[in-house]
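The lines below spell out each chain.
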Amino acid sequence: MNFWANPIQVTADWLMGLFTGWGMTEVLASILTQLLGIVVMITIMLVIDILLVWIERKVVARFQDRLGPNRGGPFGLIQPFADIIKLFIKENITPAGVDKVVYNLAPILSVFSVLILWAIIPLAPVIIGVDLNVGLLYLVAAGAIGTLSIIMAGWSSNNKFALLGAFRQVAAMISYEIPMVVALLIPTVLAGTMGMLGISEAQQGMWYVFLSPLAALIFLISAVAELGRTPFDLSEGESEVVAGFHIEYSGMKFGWFYAGELLHAFTFGGFWGILFFGGYHFFGLENLGPLVAAAIVLFKALIGYWVIMWIKYTLMRIRIDHMLAFNWKFLVPLSLVVLMVTALLNTLLRDTSTWVMAVSMFLSNVLIAWVVIEILRGRSRTEREKVESPAQPVVEATH
Amino acid sequence: MTILFLITAVVILASAMMVVTSRNLVHAALWLVASLFGVAMLYAQLNASFMAVVQVVVYIGAIAILFIFAVMLTRREIRDKGPGLNKNWGIAALVSLLTFGGLAVLLSNWSGFSQPSADFPSGFDAVGALGNALVSPDAFVLPFEVASILLVAALVGAVYIAYNPRSGDNRK
């Protein structure tokens, strides 16, 4: 078999031959090969994570009209490695009264909940950890473990600010999980499968962002809320809860939370690209080989990550009651309406051509968006009139 | 496979024991998470991928988090004081042993008890089959709808209890 046509399978076969040649049994050799594959994948992701630190600092600098790190190496590329070395050699302080096991487990779970997501990401038709038939639910389940890690960190730190920050973050994560799940159902309805590979394959003709732009937008908003980034970064605030749930962590334990957050943003960018922007499809370029397809997926993930950074460094944060009201009174009903319309149109137009379906889906989304904007305009007008109208005589209320 | 099952069983049983013996309520909730995760591992070994993932989403992502929230927000003292056992522990142990014994006897009489679980035939869409079964009239549509109505009723009840018309509207 040609290496460039299926690099993972060829390497695995070679390793299997090597291990069985050393006298191992078939089972042991296959377990060892898969374990090596997992370790290599995690290592690649963590190395990308180091570079994400550099990307994040460079991009925020440009947004704020600065240059960013530019002293260590070309374009400041050595800077993230210096940061990592600094984090590693810092003292790990364990504050008094912490719950030791839970305290140390929380950062591990935090990174773990992100890394396990890469098991189901199809980098190419032949480069995928496992094509689960419940791939999208697996994404939600991994998010549940992330939520757990945050509440563990907040509680075990024995610090009121950490606990308050964790409560805020978990409230946001639990609330925004619902529109995210509904938005994830829309690619499921369109592709007819929950498997990531099936969803990628189904977008060969038409990316789902054109079929359901509202779903792509809802997924992006709820992903930003899941990440706890601006405008939903209520768990951080210098004047109220300081750094939120990871306030008591130092050195590399803090580093794991930081790395987990950056990698989480990158991963959600990747999922955005795979679910709505065609996955490894890019105008037939993916036919050049699996490694090119993987590069396309990573490129789309970087674009998604850039959009998330763009939101973070452009918008101001919103108040917590606005955040929850925005979710429960706006995003959840909107996502349910979009889901119902998409499911209905998908059933009605199943037998028509791709173009008829795409155009009608897109127009239905535009219509929903227009109705929503009209409702919002009416609501804001009544709110404004209530505020601007001359003060009501309050005397009547007293007798 | 047997080794994996034994490890999972030990994890489930050991963490279930820790749930009831742990003096710290948050620790008990976290051990419950470990136990529920073990059950998800069992589902995964039985090729029930949908059940495994839903177990994690619903039990760990929602119910365990709710437990932890309830414990943290309602208790001033997380650590439980007083004796860990009350005078009914003997009866409780007896009942649980009897339940276990009864289930073991029932299952050992079942013909599928000693057979390894068969793999799905290739191309079989287990999730699709489950979805069809949930909405087809000759399968589970009635229990499914009854459960949905029950959940909606519980939701409406919760909103009614929590809603206080006098303090509810903060715009006035």
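Keep in mind the model is a prediction, meaning the values are calculated, not measured.

1. Concerning the overall build of chain A
Argument step 1. Along its length, chain A carries 13 helices and 0 strands.
Argument step 2. Going residue by residue from the N terminus, the α and β elements of chain A occur as α-α-α-α-α-α-α-α-α-α-α-α-α.
Argument step 3. The C-alpha atoms of chain A give a radius of gyration of 24 Å, which matches the 21 Å a tight globule of 399 residues would have.
Argument step 4. Projected onto its principal axes, the C-alpha coordinates of chain A cover approximately 95 × 65 × 40 Å.
Argument step 5. For chain A, the residues scored as buried account for 48% of the 399 residues in total.
Argument step 6. In chain A, 76% of the contacts between residues at least 6 apart in sequence involve partners at least 24 apart.
Argument step 7. Taken as a whole, chain A presents about 19900 Å² of accessible surface, with 70% of it coming from carbon and sulfur.
Argument step 8. Within chain A, the 26 negative side-chain charges are centred at a point lying 7 Å from the centre of the 23 positive side-chain charges.

2. Here we look at the packing of aromatic side chains
Residues and elements named next belong to chain A.
Argument step 1. Taken as a whole, this structure holds 21 aromatic pairs over all chains when the rule is applied.
Argument step 2. Each ring, one from Tyr176 and one from Phe232, has its centre 5.1 Å from the other, and the planes form 55°; the classification is tilted. A residue pair is termed long-range when its members are at least 10 positions apart, and Tyr176 in helix α6 (residues 160–191) and Phe232 in the loop between α9 (213–227) and α10 (251–276) qualify at 56 residues.
Argument step 3. Among the residues examined, Phe232 registers a relative accessible area of 6% and is labelled buried.
Argument step 4. An aromatic cluster of three or more residues is present, and its members are Trp207, Phe210, Trp272, Phe277, Phe282 and Phe283.

3. A look at the domain arrangement of chain A
All names here are of chain A.
Argument step 1. Looking at the assigned domains, one finds that chain A contains domain 1 (1–85) and domain 2 (90–342).
Argument step 2. Regarding the contact of domain 1 and domain 2, the summed buried area is about 1900 Å², with carbon and sulfur atoms giving 79% of it.
Argument step 3. Our enumeration of links across domain 1 and domain 2 arrives at 3 residue pairs in polar contact (both at pLDDT 80 or more).
Argument step 4. Of all the elements in the fold, those that place two or more residues in the side of domain 1 that touches domain 2 are α1 (7–21) and α2 (26–63).
Argument step 5. If you tally residues by element for the side of domain 1 that touches domain 2, the top one is α2, at 13 residues.
Argument step 6. Residues that form the side of domain 1 that touches domain 2 fall into these classes: 15 nonpolar, 1 polar and 2 charged.

4. Some words on the domain arrangement of chain B
Many authors give the size of an interface as the accessible area that is lost as the parts come together.
Argument step 1. Segmenting chain B into domains produces domain 1 (1–78) and domain 2 (132–164).
Argument step 2. Between the C-alpha centres of domain 1 of chain B and domain 2 of chain B there is a distance of 25 Å.

5. A look at unusual backbone geometry
All names here are of chain A.
Argument step 1. Looking along the chain, the bond that leaves Thr230 and enters Pro231 is cis, with omega of 5°.
Argument step 2. With respect to the helices, strands and loops of the structure, Pro231 is situated in the loop between α9 and α10.
Argument step 3. Of note in the backbone geometry, Phe75 takes a positive phi value of approximately 55° without being a glycine.
Argument step 4. Looking at the secondary structure, you find Phe75 in the loop between α2 and α3 (79–89).
Argument step 5. Owing to a relative accessible area of 62%, Phe75 belongs among the exposed residues under this scheme.
Argument step 6. Unusually for a residue other than glycine, Asn158 sits at a positive phi of about 60°.
Argument step 7. One can find Asn158 in the loop between α5 (135–156) and α6.
Argument step 8. Relative accessible area serves as the criterion here: at 48%, Asn158 is assigned to the partly exposed category.

6. What to know about the interface of chain B and chain A
Argument step 1. On the side of chain A, 23 residues touch chain B, which itself brings 23 residues to the contact.
Argument step 2. Summing both sides of the interface, chain B and chain A together bury roughly 1900 Å²; the carbon and sulfur share of this comes to 81%.
Argument step 3. Between chain B and chain A we count 0 salt bridges in total.
Argument step 4. Linking chain B to chain A there are 2 residue pairs in polar contact (both at pLDDT 80 or more).

7. What about the confidence of the model for chain A?
Argument step 1. Model confidence for chain A is summarised by a mean pLDDT of 86, while 97% of its residues fall at 70 or above.
Argument step 2. The secondary structure element of chain A with the lowest average pLDDT is α1 of chain A, at 83, and the one with the highest is α9 of chain A, at 91.

8. Thoughts on α6 of chain A
All names here are of chain A.
Argument step 1. Across its 32 residues, α6 extends 46 Å between first and last C-alpha, which sits within 8% of the 46 Å expected from 1.5 Å per residue.
Argument step 2. Sitting at the amino-terminal end of α6 is Asn159, which places a side-chain oxygen 2.7 Å from the backbone nitrogen of Phe161.
Argument step 3. Residue Gly192 follows α6 closely and has a positive phi angle near 75°.

9. Some points on the environment of Met206 of chain A
All names here are of chain A.
Argument step 1. Here Met206 lies in the loop between α7 (196–202) and α8 (208–211).
Argument step 2. The spatial distance from the C-alpha of Met206 to the C-alpha of Phe277 is 8.9 Å, given a sequence separation of 71 residues.
Argument step 3. If near-sequence neighbours (up to four positions away) are discounted, Met206 is found in contact with Leu211, Thr354, Trp355 and Ala358.

10. Considering the pattern of salt bridges
Residues and elements named next belong to chain A.
Argument step 1. If you walk through the whole model with that rule in mind, you get 6 salt bridges over all chains.
Argument step 2. Taking the shortest distance from any N to any O, the salt bridge between Glu261 and Arg229 comes out at 3.1 Å. A residue pair is termed long-range when its members are at least 10 positions apart, and Glu261 in helix α10 and Arg229 in the loop between α9 and α10 qualify at 32 residues.
Argument step 3. In this structure, Arg317 engages Asp233 in a salt bridge whose closest nitrogen and oxygen atoms are separated by 3.4 Å.

11. Focus: the confidence of the model for chain B
Argument step 1. When pLDDT is averaged along chain B, the result is 84; 91% of the residues meet or exceed 70.
Argument step 2. This complex was scored by the predictor with a pTM of 0.87 and an ipTM of 0.80.

12. Comments concerning helix α2 (residues 25–45) of chain B
Argument step 1. Its 21 residues place the ends of α2 of chain B 30 Å apart at the C-alpha level, agreeing with the 30 Å of an ideal helix rising 1.5 Å per residue.
Argument step 2. The complete set of buried residues in α2 of chain B reads Val26, Ala28, Ala29, Leu30, Val33, Ser35, Leu36, Gly38 and Ala40 of chain B.
Argument step 3. In this fold, the buried residues of α2 of chain B make contact with α4 (100–115) and α5 of chain A together with α1 (2–21) and α3 (49–74) of chain B.
Argument step 4. Where α2 of chain B starts, the residue carrying a side-chain oxygen 3.1 Å from the main-chain nitrogen of Val26 of chain B turns out to be Asn24 of chain B.
Argument step 5. Among the residues trailing α2 of chain B, Asn47 of chain B stands out with phi positive, at a value near 65°.

Parameters and conventions
- Residues numbered from 1 in each chain as written.
- Chains lettered and ligands numbered in written order.
- Predicted model: local features only at pLDDT ≥ 70, side-chain atom pairs only at ≥ 80, totals over all residues.
- Heavy atoms only, no water.
- Helix = DSSP H or I, 4+ residues; strand = E, 2+ residues; numbered from the N terminus.
- Rg over C-alpha atoms; globule rule 2.2 N^0.38 Å.
- Buried < 20%, exposed > 50% of the residue type's maximum accessible area, 1.4 Å probe, protein only.
- Contact = heavy atoms within 4.5 Å.
- Areas by Shrake-Rupley, 256 points an atom, 1.4 Å probe, with all protein chains shown as cover.
- Lys, Arg positive; Asp, Glu negative; His and termini not counted.
- Charge placed at Lys NZ, Arg CZ, Asp CG, Glu CD.
- Phe/Tyr/Trp six-rings, centres within 6.5 Å; stacked < 30°, edge-to-face > 60°.
- Domains from an automatic or database assignment.
- Buried area = accessible area lost by both parts, 1.4 Å probe.
- Polar contact = N/O pair within 3.5 Å; in protein donor to acceptor, adjacent residues only side chain to side chain.
- Nonpolar A, V, L, I, M, F, W, Y, C, P; charged D, E, K, R; others polar.
- Salt bridge = Lys/Arg side-chain N within 4 Å of Asp/Glu carboxyl O.
- pLDDT = per-residue confidence, 0-100.
- Expected span 1.5 Å × (residues − 1).

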